[in-house]
Amino acid sequence: MSDKKQKIVIVGGPPAAGKTAVITQLIRLITADGKTAAVCKIDCLKTGDRETYAALGVAAAVGLSRDVCLDHFLAVNLEEIAAWGARKNADILIIETAGLCHRCAPATKNTIAVCVLDCLQGVRVPDKIGPVLSDCDIAVITKGDAVSQAETEVFWQSVRVLNPTAEIVEVNGATGSGAQYLKAAIDERQSACGVVGDELRRDMPSAICSYCVGERRIGNMYQQGIVTKMEFDE
Amino acid sequence: MKFDAITILGGRDKDGNPERVGSLTVRRGEIFSVIGFTGSGKSRLIRDIEQLAQGDTVTGRRVLTDGEVPEYRFRREPQFKVVAHLTQNMNYITDLKCGEFLRIRAECRKIPSPALNAERIIETANGLCGEPIAAATPLTGLSGGQSRALMIADTAVNAAAPIVLIDEIENAGIDKAAAMRTLVDGDKIVLAVTHDPMLALAAKMRVVMRNGGMERILGVTDGEKLALERLTEINAYSLEIQRRLRLGETL
């Protein structure tokens, strides 16, 4: 294994926000800078992203969480992913997680956390996203070219309210404009070179009810474990 | 941020060759039109200026203010933005009412008295479009013409920015000459992308784009001044016919 100091960047955000496009643009800049990138995509069922990334000439790996929450899956595999990145001699290891429930912040305290959001989802979306945005270091806003300048600025403001300290950058995933700011933001941040002993930024939700372990039948009599019931205002 | 001119230093065209125009300077009070076929790189030029590119976009262009590299923060945070950009977008997607949206927008830019600012923008927009806009109208419920009028008014009223970039104002379905007057009323550095020959010739100078690069910079000739007069008459005639047809008249 290489002794080279590897920077670890974890990219999250809602589905179809443009995470893969943004990472693709970022990799081009990293490569142009003479550095080595490696990418690991964590998804649930299937993804074509390994081919997308491999086409850029960088080491690419895919982890499919299948029946398990993918943020849990990432936490379980982070040590191995980091070791893989080091074996690939990566200066920057990018881990992309598919956006799902947004209840978790997938990043650890000493990795660089990036959240990708797109303006087309509307100004109320940042409010609904939770820790993946509020705990991130860099928020990337995409698809700004599809809305008016004023709307991009209002969207920017709604992100700022939820995360007052993150660096916000606007990137066009299709053309790559703005990706230089994302790269600059990553370059000026440090991350731990290993992950063992590092901590998650937030507790992950527990998921140990009957349905987590294969129950299919509906009804109280079939439910065990952590069972939380709704309350209704009559 | 105060400056009197921007200079665009040429980068590369789509084939990676140096642009024919190596340097273009536009001063306050000047309007340059940007013309060329679809895909010739007009919008890309506008984007480079909006970002105050520093050799860090695909074209490799650099944009200087008063001959110097602008400060980093002016290229980033909205409240420091030095560029007002009217894009080609014809509708809003934001789920807010017009008045509320304009207030938040004014707050983003740290504009004093946001409510008053919102009123002024709506008033200006209503001078441009046939159907009036109310503060309580949802943005997404505006017609194409109303949306466009509101975007133009917003750009014009909040024009603290010294640079104004206009992308195909003729797509609005509103009086393009009136819209241009609303936008460029003042002491601004203006670049207007257009396919419209009248708007192209109304600018003192024009930039011709080709294959992603700035190909030529041309001033208006005497012959073109005559052509502009004719085009202006034709436009007035066209608007009058449009007005009458909209009223349900026969000609």
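Calculation criteria
Counting from 1, residues in each chain are numbered in the order their sequence is written. Ligands are numbered from 1 and chains lettered from A, in the order in which they are written. pLDDT decides what is reported in this predicted model: residues at 70 or higher carry local features, side-chain atom pairs at 80 or more are listed and counted, and totals for whole chains, interfaces and linings draw on all residues regardless. The side-chain figures draw on all heavy atoms in the structure; neither hydrogens nor water molecules are used. Strands are runs of DSSP state E lasting at least two residues, helices are runs of H or I lasting at least four, and both sets are numbered from the N terminus onward. Buried means the residue's accessible area, taken with a 1.4 Å probe over protein chains only, is under 20% of the maximum for its type, while exposed means over 50%, and partly exposed covers the values in between. Pairing of aromatic side chains here covers Phe, Tyr and the six-membered ring of Trp, requires ring centres within 6.5 Å, and sorts the geometry by plane angle: under 30 degrees stacked, over 60 edge-to-face, intermediate tilted. A pair of strands is labelled paired if DSSP reports no fewer than 2 bridges between them. Only the stretch in contact is used when a helix axis is fitted, and all axes are lines through C-alpha atoms; the angle between N-to-C directions ranges over 0 to 180 degrees. The salt bridge criterion pairs a side-chain nitrogen of Lys or Arg with a carboxyl oxygen of Asp or Glu, the two atoms within 4 Å. Using a grid of 1 Å spacing that covers the protein atoms alone, one calls a set of points a cavity when a 1.4 Å probe fits there but cannot get out, and a pocket when the set is open and has protein on both sides within 12 Å along at least five of seven lines; lining residues are those with an atom within 4 Å of a point. Grid points are joined across faces, edges and corners, and a volume is the space filled by probe spheres set on the points. Note that Gly is not counted as nonpolar here; it falls among the polar residues with everything else outside the nonpolar set of Ala, Val, Leu, Ile, Met, Phe, Trp, Tyr, Cys and Pro and the charged set of Asp, Glu, Lys and Arg. Throughout, a residue-residue contact means that at least one pair of heavy atoms, one from each residue, lies within 4.5 Å. The term buried area means the drop in 1.4 Å probe accessible area that two parts suffer when joined, counted for both and summed. Pairs of N or O atoms within 3.5 Å make up the polar contacts considered here, provided that, within protein, one atom can donate a hydrogen while the other can accept it, and that residues adjacent in sequence are counted only when both atoms are side-chain atoms. An automatic or database domain assignment supplies the residue ranges for each domain. Just so you know, the count uses Lys and Arg for positive and Asp and Glu for negative, and it drops His and the chain ends.

A.B. asks: Account for the environment of aspartate 233 of chain A, with residues named and values stated.
C.D. replies: All names here are of chain A. By the element assignment, aspartate 233 lies in the segment after α7 (179–187). Relative accessible area serves as the criterion here: at 79%, aspartate 233 is assigned to the exposed category. Considering only alpha carbons, one finds aspartate 233 and valine 132, 101 residues apart in sequence, at a separation of 31 Å.

A.B. asks: Lay out the packing of aromatic side chains with the relevant residues and their values.
C.D. replies: Residue and element names in this part refer to chain B. Within this structure, the stated rule accounts for 1 aromatic pair over all chains. Arranged with centres 5.7 Å apart and planes meeting at 65°, the rings of tyrosine 92 and phenylalanine 101 form a pair that is edge-to-face. Of the two residues, tyrosine 92 and phenylalanine 101, neither departs from the other in class, the shared state being buried.

A.B. asks: Summarise the sheet that holds strand β1 (residues 5–9) of chain B; cite the residues concerned and give the values.
C.D. replies: All names here are of chain B. Within the open sheet, the 3 strands sit side by side as β2-β1-β4. Their pairing is antiparallel. Sheet topology places β2 (23–27) and β4 (62–65) at the edges, where each strand pairs with a single neighbour. Within the sheet, the average angular offset between the axes of one strand and its neighbour, ignoring direction, is 15°. For β1 and β2, the ladder comprises 5 bridges, and the chain directions are antiparallel. Directly across from isoleucine 8, in β2, lies its bridge partner leucine 24.

A.B. asks: Break down the pattern of salt bridges for me, citing the residues and quoting the values.
C.D. replies: All names here are of chain A. Across all of its chains, the model carries 26 salt bridges over all chains by this definition. The residue lysine 41 makes a salt bridge to glutamate 96 at a minimum N-O spacing of 3.4 Å. Here glutamate 96 lies in strand β4 (residues 92–97) and lysine 41 lies in strand β2 (residues 37–43), a separation of 55 residues in the sequence. The network of salt bridges with common partners includes Asp33, Lys35, Lys183 and Asp187.

A.B. asks: Pulling in residues and values, what's your account of empty space enclosed by the protein?
C.D. replies: A full pass over the atoms with the stated rule returns 5 cavities of 30 Å³ or more. A volume near 320 Å³ is recorded for the largest cavity. Lining the largest cavity are 22 residues, with Glu170 of chain A together with Arg47, Glu50, Gln51 and Lys81 of chain B positioned closest to its centre. For the lining of the largest cavity, the secondary-structure elements that each account for two or more residues are α6 (149–162) of chain A together with α1 (42–50) of chain B. The biggest single contributor to the lining of the largest cavity is α6 of chain A, with 3 residues. When the residues that make up the lining of the largest cavity are grouped by side-chain class, the tally is 4 nonpolar, 10 polar and 8 charged. If you add up the space inside the second largest cavity, you get close to 70 Å³. Forming the boundary of the second largest cavity are Ser148, Gln149 and Ala150 of chain A together with His85, Leu86, Thr87, Tyr92, Arg105, Met151, Asp154 and Thr155 of chain B.

A.B. asks: So what about the interface of chain A and chain B? Which residues, and what values?
C.D. replies: With 27 residues of chain A in contact, the opposing surface of chain B contributes 31 residues. Contact between chain A and chain B buries roughly 2,500 Å² in total, counting both sides, with carbon and sulfur atoms accounting for 48%. For the chain A face of the interface with chain B, the top three residues by lost area are Gln149, Glu153 and Tyr181 of chain A, together amounting to 27%. Connecting chain A to chain B are 1 salt bridge. Glutamate 153 of chain A serves as the salt-bridge partner of arginine 105 of chain B, at 2.4 Å between the closest nitrogen and oxygen. Linking chain A with chain B are 6 residue pairs in polar contact (both at pLDDT 80 or more), by the criterion used here.

A.B. asks: Describe the domain arrangement of chain B, listing the residues and the values that go with them.
C.D. replies: Residues and elements named next belong to chain B. Taken domain by domain, chain B comprises domain 1 (1–82 + 161–220) and domain 2 (90–158). If you average the C-alpha positions of domain 1 and of domain 2, the two centres end up 25 Å apart. Contact with domain 1, which involves 15 residues of that partner, is made by 13 residues of domain 2. Taken together, the links from domain 1 to domain 2 amount to 0 salt bridges. Linking domain 1 to domain 2 there are 2 residue pairs in polar contact (both at pLDDT 80 or more). The leading source of residues in the side of domain 1 that touches domain 2 is helix α5 (residues 176–184), at 4 residues.

A.B. asks: Give a description of the side chain of lysine 7 of chain A that names residues and reports values.
C.D. replies: Residues and elements named next belong to chain A. Within the fold, lysine 7 resides in strand β1 (residues 7–12). Within the structure, lysine 7 has its side chain in polar contact with the backbone oxygen of arginine 189 (distance 2.6 Å). Once residues lying within four places of it in the same chain are set aside, the contact partners of lysine 7 are Asp91, Ile92, Leu93, Ile112, Ile186, Asp187, Arg189, Gln190 and Ser191.

A.B. asks: Can you tell me about α7 of chain A, naming the residues and giving the values?
C.D. replies: Residues and elements named next belong to chain A. Among the 9 residues in α7, 7 count as buried, and that is most of the element. Buried residues of α7: Ala179, Gln180, Tyr181, Leu182, Lys183, Ala185 and Ile186, and no others. Its buried side turned inward, α7 meets β1, α1 (19–32), β4, β5 (112–118), β6 (138–142) and β7 (167–170).

A.B. asks: Break down unusual backbone geometry for me, with residues and values.
C.D. replies: Residues and elements named next belong to chain B. The residue aspartate 66 is not glycine, and still its phi comes out positive at about 50°. Residue placement: aspartate 66 occurs in the loop between β4 and β5 (83–86). Not every positive phi belongs to a glycine, and asparagine 211 is a case in point at roughly 50°. Mapped onto the fold, asparagine 211 is located in the loop between β8 (205–210) and β9 (213–219). With a relative accessible area of 31%, asparagine 211 lands in the partly exposed category.

A.B. asks: Talk me through the sheet that holds β5 of chain A; I want residue IDs and the actual numbers.
C.D. replies: As a general point, the strands of a sheet are linked pairwise by backbone hydrogen bonds and lie either parallel or antiparallel. All names here are of chain A. On the basis of which strands lie adjacent, the open sheet formed by 7 strands has the order β3-β2-β4-β1-β5-β6-β7 and parallel pairing. Sheet topology places β3 (59–64) and β7 at the edges, where each strand pairs with a single neighbour. Neighbour-to-neighbour, the strand axes of this sheet turn through a mean angle of 20°, independent of strand direction. Of the strand pairs in this sheet, β1 and β5 are connected by 4 bridges, and their pairing is parallel. In the strand pairing of β5, glycine 12 is matched with cysteine 115.

A.B. asks: So what about the side chain of aspartate 13 of chain B? Which residues, and what values?
C.D. replies: Residues and elements named next belong to chain B. The residue aspartate 13 is located in the loop between β1 and β2 in this model. Of the buried charged residues, aspartate 13 lacks a salt bridge, with arginine 12 as the closest side chain of opposite charge at 7.7 Å. Within the local environment of aspartate 13, its side chain forms a polar contact with the backbone nitrogen of aspartate 15, the two atoms lying 2.8 Å apart. Non-local contacts of aspartate 13, meaning those with residues more than four positions away in its chain, are made with Glu19, Asn211, Gly212 and Gly213.

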